[in-house]
Amino acid sequence: MREEALLSDGSARVQGAATTGPCPGKKPGLAAGLALYPLYYAVLPVLISFNVRAANSVPLLNLLLPLVVCLLLGLTVLVVSRVLLRGRQESALLAFSIINAFYAITYLLIAFEFALTVFHVGLAAHLAQYALLAIWLGLLLIGLTAVLKPVMVLPVVPILADCGRFLFVLQILVLLYHEGTYQLLVRPAVQARQAQIRQQACSRLSTNPAITGSPDIYYIILDEMAGASVLSRVFGYDNSSFRSQLAERGFVIAGSSRSNFPLTRLSISSSLNLSNLEFLPDLAGRGSEDYSVTNDLLQNSVVSRILADRGYSYVHIGSEMPPTDYSPFAKVSSHPDLDEFAIRFIESTSLGFLPDLFQYLADSRRRTRLASLRALSESGEPQGQGPSPRFVFCHLLSPHEPFIFNHDGSGRTALMPVRRDGLWDEAARRAYVEQVRFMEARILTCIDDILRQSKERPIIILQGDHGTYAEDELAREDPREALFKERYDILNAYLVPEKIKPSIYSSISPVNSFRLILSQFGYDLPLLPDRCFYSTYGRPFKIRDVTQRVLGRP
């Protein structure tokens with residue numbers, strides 16, 4: 001009786017039939033005996049996750065490591081299955097079942113997010129549980145049948161192979177379309193606008209600048225660091241001791257400063273590119289959800305390029321949040337082991353059922369933030385990160401949630417806020433204050449290290465990108481009035497030469513930080529009006545002026 005074995009492309013051959021090649025009749029090696037279509041399914045989850053959840057905000061390079069890891073994981077499962085089972089198609093079916101069982105939660109999360117963001121339909125959590133159980137039972141049935149009765153399931157192999165190939169090619173085309181659009185259309189337009197801003201700044205250089213040397217310049221962003229009034233009013237925390245210690249070190253604190261934008265990407269893009277980003281709505285589209293237009297604004301900013309022209313080395317101390325996790329344009333760029341895309345992808349797999357996973361990932365975040373603080377402390381060393389003079393950009397994702405530090409720096413169980421009527425719960429407010437206290441102490445230590453190591457007194461800008469408030473409120477076109485009173489209030493402190501301290505006024509906003517500093521070097525950069533703008537996470541470029549509401553004026 002003849003047995004037919006289906007090949008990975010769906011064709012069939014008779015077992016025992018003559019084979020062609022240099023060694024007819026010779027048993028193929030392990031690699032030759034593998035049906036490789038399960039590898040499509042091994043990389044599909046990360047490709048779909050990137051295209052659906054991240055391509056609009058995460059640079060393409062951040063996909064590389066998760067993609068390679070998924071491919072190696074799939075190859076490992078496939079090889080082990082081949083060792084356990086003699087038949088190449090049976091082993092491939094077993095590998096297919098294992099791989100898809102591992103990523104079943106990933107697909108469900110993507111489906112639920114897609115339904116919510118595209119169709120604005122929220123699906124009940126119990127539906128996910130039923131769907132997950134059904135998927136696992138179906139895959140278990142396929143895997144067991146492949147082991148016990150392979151002849152029953154082998155006819156589906158061509159379908160699985162063709163589906164995997166089709167979906168893989170589709171995701172690659174989606175990826176190439178988005179990246180091609182960005183590289184060929186969006187990025188050149190952004191760079192042209194950046195060049196225009198640089199040209200304007202350099203058009204009339206002063207012959208008698210206030211700053212004649214080349215001090216190191218530090219731009220330190222503490223993510224979600226609220227101003228003193230919000231810390232006191234909302235959180236019941238008096239940080240006057242921290243502000244006094246900054247003043248003792250020579251800092252001027254802009255006590256009435258407000259963020260220009262409530263979203264991190266827009267806030268930092270604005271300050272680093274010396275503009276209110278008035279060009280973005282036309283360039284990206286007011287209805288666009290694609291944040292990738294800000295990638296170059298953050299990684300290759302106008303400020304870093306102006307300073308590079310003056311001979312400054314660009315040192316980038318990265319966060320976990322792409323695209324501030326690294327900069328390919330920096331002379332020195334420290335980056336985390338795992339960025340937020342990788343962390344969230346890991347959380348979406350079956351590893352999420354491991355009881356210690358979330359604590360491990362919290363520890364990863366903690367290690368990254370501590371490493372960034374160490375790098376900041378060491379950045380002033382004469383033989384440190386890059387030759388002097390240096391422009392050091394450091395984005396620290398603290399005191400932003402998740403709350404993972406106690407005030408003494410010890411670790412704690414990761415905590416995310418529970419949102420009630422737009423406000424954090426009491427436990428989250430206490431945890432936020434603990435993390436604020438920790439960051440205040442460590443930043444003072446970093447500043448002392450920088451001052452001790454620097455041959456020439458540096459310029460330091462210490463800033464929050466935005467303040468606190470429940471982020472789900474930022475999904476609303478017309479949020480609660482409390483958001484405007486809380487989200488825009490930020491820490492904003494400056495260590496500058498004595499002669500320009502009087503230029504720091506109490507309501508200076510981040511968009512004017514480098515306009516003021518660079519104008520002291522002789523650049524033609526008049527200050528802009530200090531205005532506040534609002535847009536939602538879903539429509540970041542549908543920007544409107546809310547200055548009067550933020551300041552509480554009728």
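Rules behind the numbers
- Residues numbered from 1 in each chain as written.
- Predicted model: local features only at pLDDT ≥ 70, side-chain atom pairs only at ≥ 80, totals over all residues.
- Heavy atoms only, no water.
- Helix = DSSP H or I, 4+ residues; strand = E, 2+ residues; numbered from the N terminus.
- Contact = heavy atoms within 4.5 Å.
- Buried < 20%, exposed > 50% of the residue type's maximum accessible area, 1.4 Å probe, protein only.
- Polar contact = N/O pair within 3.5 Å; in protein donor to acceptor, adjacent residues only side chain to side chain.
- Pairing = 2+ DSSP bridges.
- Axes fitted to C-alpha atoms, helices over the stretch in contact; angles between N-to-C directions.
- Patch = residues over 30% accessible without salt bridge, like charges linked within 9 Å, V, L, I, M, F, W, Y side chains within 5 Å.
- Areas by Shrake-Rupley, 256 points an atom, 1.4 Å probe, with all protein chains shown as cover.
- Salt bridge = Lys/Arg side-chain N within 4 Å of Asp/Glu carboxyl O.
- Phe/Tyr/Trp six-rings, centres within 6.5 Å; stacked < 30°, edge-to-face > 60°.
- Lys NZ or Arg CZ within 6 Å of the ring centre and 35° of its normal.

(A) Seen up close, the side chain of Ser49. Along the polypeptide, Ser49 turns up in helix 1 (residues 38-54). Setting aside its immediate chain neighbours within four residues, Ser49 contacts Ala54, Thr106, Ile110, Phe341 and Phe345.

(B) Spotlight on unusual backbone geometry. Here the amide bond leading from Pro322 into Pro323 is cis, since omega sits at 5 degrees, within 30 degrees of zero. Counting through the fold element by element, Pro323 comes out in the loop between strand 5 (313-317) and strand 6 (332-334). Here Ser398 and Pro399 are connected by a cis peptide whose omega angle stands at 10 degrees. By secondary structure assignment, the location of Pro399 is in the loop between strand 7 (390-396) and strand 8 (403-405). Backbone geometry places Glu224, a non-glycine residue, at a positive phi of 65 degrees. Given the relative accessible area of 0%, Glu224 is considered buried.

(C) Fine view of the side chain of Asn260. In this structure, Asn260 sits in the loop between strand 4 (252-253) and helix 10 (264-272). For Asn260, the side chain forms a polar contact with the main-chain oxygen of Arg531, separated by 2.9 Å. If we skip the residues at most four places from it in the chain, Asn260 touches Ser270, Asn276, Tyr488, Ser509, Pro510, Val511, Arg531, Cys532 and Phe533.

(D) Structural context of the sheet that holds strand 12 (residues 459-464). Read from one edge to the other, the open sheet built from seven strands follows the order 4-13-12-3-7-5-6, with strand pairing classed as mixed. Unpaired on one side and paired on the other, strand 4 and strand 6 mark the two borders of the sheet. The sheet contact formed by strand 3 (residues 217-222) and strand 12 spans six bridges and is parallel. Pairing of Ile217 across the sheet is with Ile459, part of strand 12. The strands touched by helix 15 (residues 357-378) are strand 3, strand 5 and strand 7; relative to strand 7, the strand with the most contacts, the crossing angle is about 160 degrees.

(E) Up close: a nonpolar patch on the surface. On the surface, Leu61, Leu64, Val68, Leu72 and Leu75 cluster together to form a nonpolar patch covering roughly 440 Å² of accessible area. Relative to the helices and strands, Leu61 is located in the loop between helix 1 and helix 2 (64-84). For Leu61, a relative accessible area of 53% gives the class exposed.

(F) Focus on the packing of aromatic side chains. Summed over the entire model, instances satisfying the criterion amount to 19 aromatic pairs. On the numbers, 4.6 Å between centres and 35 degrees between planes, the contact of Phe235 with Tyr432 is tilted. Of this pair, Phe235 sits in the loop between helix 8 (228-233) and helix 9 (240-248) while Tyr432 sits in helix 16 (residues 426-453), and the two are 197 residues apart along the sequence. Across this residue pair, the class does not change: Phe235 and Tyr432 are buried. Ring centres 5.5 Å apart and planes at 65 degrees place the aromatic pair Trp424 and Tyr432 in the edge-to-face group. Residue Trp424 is classed as buried on the basis of its relative accessible area, which comes to 7%. One aromatic cluster is present, formed by Tyr219, Tyr314, Phe391, Phe393 and Phe514 through successive ring pairs. Lying over the aromatic face of Phe405, Arg366 brings its terminal NZ or CZ to 5.9 Å of the ring centre.

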